[in-house]
Amino acid sequence: MSELQDYEITERVALLKKLRKALLTQRDKFRRYLEVLEHQEKDILEQDTAKLEAHAELEQAIVREIYSVQKVIDPLSELYRMAYPERRGDIPEIEASLVNLRQRVVERNRENQELLR
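Keep in mind that this is a model prediction, so the values were computed, not measured.

Rules and cut-offs
- Residues numbered from 1 in each chain as written.
- Predicted model: local features only at pLDDT ≥ 70, side-chain atom pairs only at ≥ 80, totals over all residues.
- Heavy atoms only, no water.
- Helix = DSSP H or I, 4+ residues; strand = E, 2+ residues; numbered from the N terminus.
- Rg over C-alpha atoms; globule rule 2.2 N^0.38 Å.
- Buried < 20%, exposed > 50% of the residue type's maximum accessible area, 1.4 Å probe, protein only.
- Core = buried A, V, L, I, M, F, W, Y, C linked by side-chain atoms within 4.5 Å.
- Contact = heavy atoms within 4.5 Å.
- Salt bridge = Lys/Arg side-chain N within 4 Å of Asp/Glu carboxyl O.
- Axes fitted to C-alpha atoms, helices over the stretch in contact; angles between N-to-C directions.
- Parallel < 35°, antiparallel > 145°, perpendicular 65-115°, else oblique.
- Left-handed = near helix turned anticlockwise from the far one by under 90°.
- Nonpolar A, V, L, I, M, F, W, Y, C, P; charged D, E, K, R; others polar.

Peer 1: Before we go on, may I ask you to explain the overall build of the chain in this structure?
Peer 2: Looking only at helices and strands, the chain features three helices and zero strands. Each helix and strand of the chain, ordered N terminal to C terminal, gives the series α-α-α. Computed over the C-alpha atoms, the radius of gyration of the chain is 19 Å, more than 25% above the 13 Å expected from 2.2 N^0.38 for a compact globule of 117 residues. For the chain, the spread of C-alpha atoms along the principal axes amounts to about 65 × 20 × 15 Å. Looking at the chain as a whole, 32% of its 117 residues qualify as buried.

Peer 1: For this particular structure, what's the right way to read the nonpolar core?
Peer 2: Here is a general trend for soluble globular proteins: nonpolar side chains tend to be buried in one another's company. Counting 23 residues, the largest nonpolar core has Leu 19, Leu 23, Phe 30, Tyr 33, Ile 73, Tyr 80 and Val 105 as its most contacted members. Of all the secondary structure elements, the ones that give two or more residues to this core are α1 (6–46), α2 (49–83) and α3 (91–116). No other element matches α1, which puts 10 residues into this core. Contacts of Val 105, omitting those with residues within four sequence positions, involve Phe 30, Tyr 33, Leu 34 and Leu 37.

Peer 1: Just checking my understanding: could you explain the pattern of salt bridges for this structure?
Peer 2: Close approach of charged atoms lets side chains of opposite charge pair. Summed over all chains, the structure comprises seven salt bridges. One salt bridge connects Arg 31 with Asp 28, and the closest N-O pair in it is separated by 3.9 Å. One end of the pair is Arg 31 and the other is Asp 28, both in helix α1 and three residues apart, which spans about a single turn. The class for Arg 31 is partly exposed, based on a relative accessible area of 40%.

Peer 1: Before we go on, may I ask you to explain the packing of α1 against α2 in this structure?
Peer 2: In a pair of packed helices, the angle between the axes and the distance between the axes together describe the arrangement. α2 packs onto α1 with a crossing angle of 160 degrees between their chain directions and a minimal axis gap of 8 Å. Taken as axis vectors, α1 and α2 run roughly antiparallel relative to one another. Between α1 and α2 lies a crossing whose hand is left-handed. Looking at the contact of α1 with α2, its residues break down into 22 nonpolar, seven polar and eight charged.

Peer 1: Please clarify how the side chain of Gln 26 should be interpreted in this entry.
Peer 2: Its location among the elements puts Gln 26 in helix α1. The buried category is assigned to Gln 26, whose relative accessible area is 0%.

Peer 1: Can you help me understand unusual backbone geometry in this one?
Peer 2: The phi torsion of most residues other than glycine is negative, and most of the peptide bonds are trans. With a phi angle near 55 degrees, Gln 47 is a residue other than glycine that sits in the positive phi range. Relative to the helices and strands, Gln 47 is located in the loop between α1 and α2.

Peer 1: Sorry, what's going on with the environment of Arg 104 here?
Peer 2: Along the polypeptide, Arg 104 turns up in helix α3. In this structure, the C-alpha to C-alpha distance between Arg 104 and Gln 26, residues 78 residues apart in sequence, is 14 Å.

Structure (structure tokens):
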């Protein structure tokens, strides 16, 4: 196996930093979304339509942000997989926590939808 050139190492480090930052940003967006859904549940139970409307608008904004960040993550993840087939660093842990958060958001959203019915 040939040694990596300095520029290749620099490129890989930059890739890891960009991907890590994007994943952490995405994780923060999902955490925020989960918080909104938790507050939304309270407002559903209290039948506060004004707050529910505000939550719906905030929810839409957060979802747009999540999709926007995902557009950055997808190509970076592909480059990461090609550069690091053995999945190095803390990227796998961050990805796993992001998957967990997504599942919690989906579950909470489903619960809120059922409460609204």
